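# Structure assessment
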Amino acid sequence: MASERKFVAENIRRVLLKEYLMKEVSRAGFGGLDVQRTPMGTRVALTTERPGLIIGRRGQTIKNLTTVIEERFKFENPQIEVLEVENANLNAQIMAEKLAFSLEKGWHFRRAGHSTVRRIMDDGATGCHIIVAGKLSGQRHRTEKFKSGFIKFCGEPKIDFMAKGYAVAKLKQGVVGVTVEIMAPNAKLPANISVKNKTEIAESYPEIYSRIEAGIPVPAEEPAAEPAEPEEGQ
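Okay, so let's go over this structure.

About the thresholds
- Residues numbered from 1 in each chain as written.
- Predicted model: local features only at pLDDT ≥ 70, side-chain atom pairs only at ≥ 80, totals over all residues.
- Heavy atoms only, no water.
- 1 Å grid on protein atoms, 1.4 Å probe; cavity = no way out; pocket = protein on both sides within 12 Å on 5 of 7 lines; lining within 4 Å.
- Points joined across faces, edges and corners; volume = space filled by probe spheres on them.
- Helix = DSSP H or I, 4+ residues; strand = E, 2+ residues; numbered from the N terminus.
- Nonpolar A, V, L, I, M, F, W, Y, C, P; charged D, E, K, R; others polar.
- Phe/Tyr/Trp six-rings, centres within 6.5 Å; stacked < 30°, edge-to-face > 60°.
- Buried < 20%, exposed > 50% of the residue type's maximum accessible area, 1.4 Å probe, protein only.
- Pairing = 2+ DSSP bridges.
- Axes fitted to C-alpha atoms, helices over the stretch in contact; angles between N-to-C directions.
- Contact = heavy atoms within 4.5 Å.

Turning our eyes to something else, we now look at the layout of surface pockets. Empty space among the atoms becomes apparent when a probe as large as a water molecule is rolled across them. Estimated volume of the largest pocket: approximately 820 Å³. Elements that contribute at least two residues to the lining of the largest pocket include exactly helix 1 (3-24), helix 4 (92-104), helix 5 (109-122) and strand 6 (162-171). Its residues placed into classes, the lining of the largest pocket shows 13 nonpolar, 5 polar and 12 charged.

Structure, rendered in structure tokens:
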């Protein structure tokens, strides 16, 4: 098999595993999945809101999951590590599933969307973007968006600070897709700059501050010299 097909097959297998675990551990609040190959086998890090439901009584539930992962998805010697979410309101996947569950319970999509945005922002998120798409109020497909705070749609800030979650709400009129994107509270955008006053500069950089006060120019940092090439015969 060509190397490209191996990468594709491996990614398909991981997506199928994620879909299976999302369905199996939905009661525990699925928050994310990370699969890594190790010399001892395969490490499966499962993030959930309630780890106790996944571990089960005497560890029986997690043993059953390990057997399924090894036999059905053909992962070598899987080792499941269950992690607890620090703050469920800042986990995009958990909030997407909760929003989808609210829609299935009969909440109006606008009420559910605004409530979810307010809940996320109250817990300190820098920004939040929610997309609800489907047959919301009739037979025609509609897309509604709810936004708050700072949101990035491209570039490194989106890759580094925007977490994305997706869930599906099964309603009588059809299926509704729910997408939740959350910008982390510690996100530092390129436009966020801070200017230090004289006291902070004097405490942090006393030598530079004394040169500036004396009117002596501060030289720029010189690049490190490249190592000399060895002479012939050495």
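More follows now that the structure is in view.
Here we take up the packing of aromatic side chains. Tallied over the full model, the rule gives 1 aromatic pair. Both rings, one in Tyr-20 and one in Phe-73, keep their centres 5.6 Å apart while their planes meet at 55°; by these two values the pair is tilted. On the criterion of sequence distance, the pair formed by Tyr-20 in helix 1 and Phe-73 in the loop between helix 3 (60-71) and strand 3 (78-84) is long-range, its members being 53 residues apart. By relative accessible area, which is 15% here, Tyr-20 ends up buried.

Before going further, it helps to spend a moment on the sheet that holds strand 3. Within the open sheet, the 3 strands sit side by side as 1-2-3. Their pairing is mixed. Of all strands in the sheet, those bounded by a partner on one side alone are strand 1 (30-38) and strand 3. The sheet shows a mean angle of 20° between the axes of neighbouring strands, direction not considered. As defined by bridge partners, strand 1 adjoins strand 2 (residues 41-48) across 8 bridges and the pair is classed as antiparallel. When the bridges of strand 2 are listed, Thr-38 appears paired with Gly-41.

Here we have 4 strands laid out as an open sheet, ordered 5-4-7-6, and antiparallel in their pairing. Among the strands making up the open sheet, the edge pair consists of strand 5 (142-149) and strand 6. Adjacent strand axes in the sheet meet at a mean angle of 10°, parallel and antiparallel pairs treated alike. Pairing of strand 6 with strand 7 (residues 174-183) involves 10 bridges; the strand directions are antiparallel. Within strand 7, the position partnered with Met-162 by the bridge is Met-183. Running over the sheet, helix 5 touches strand 4 (127-134), strand 5 and strand 7 and is turned about 25° from strand 5.

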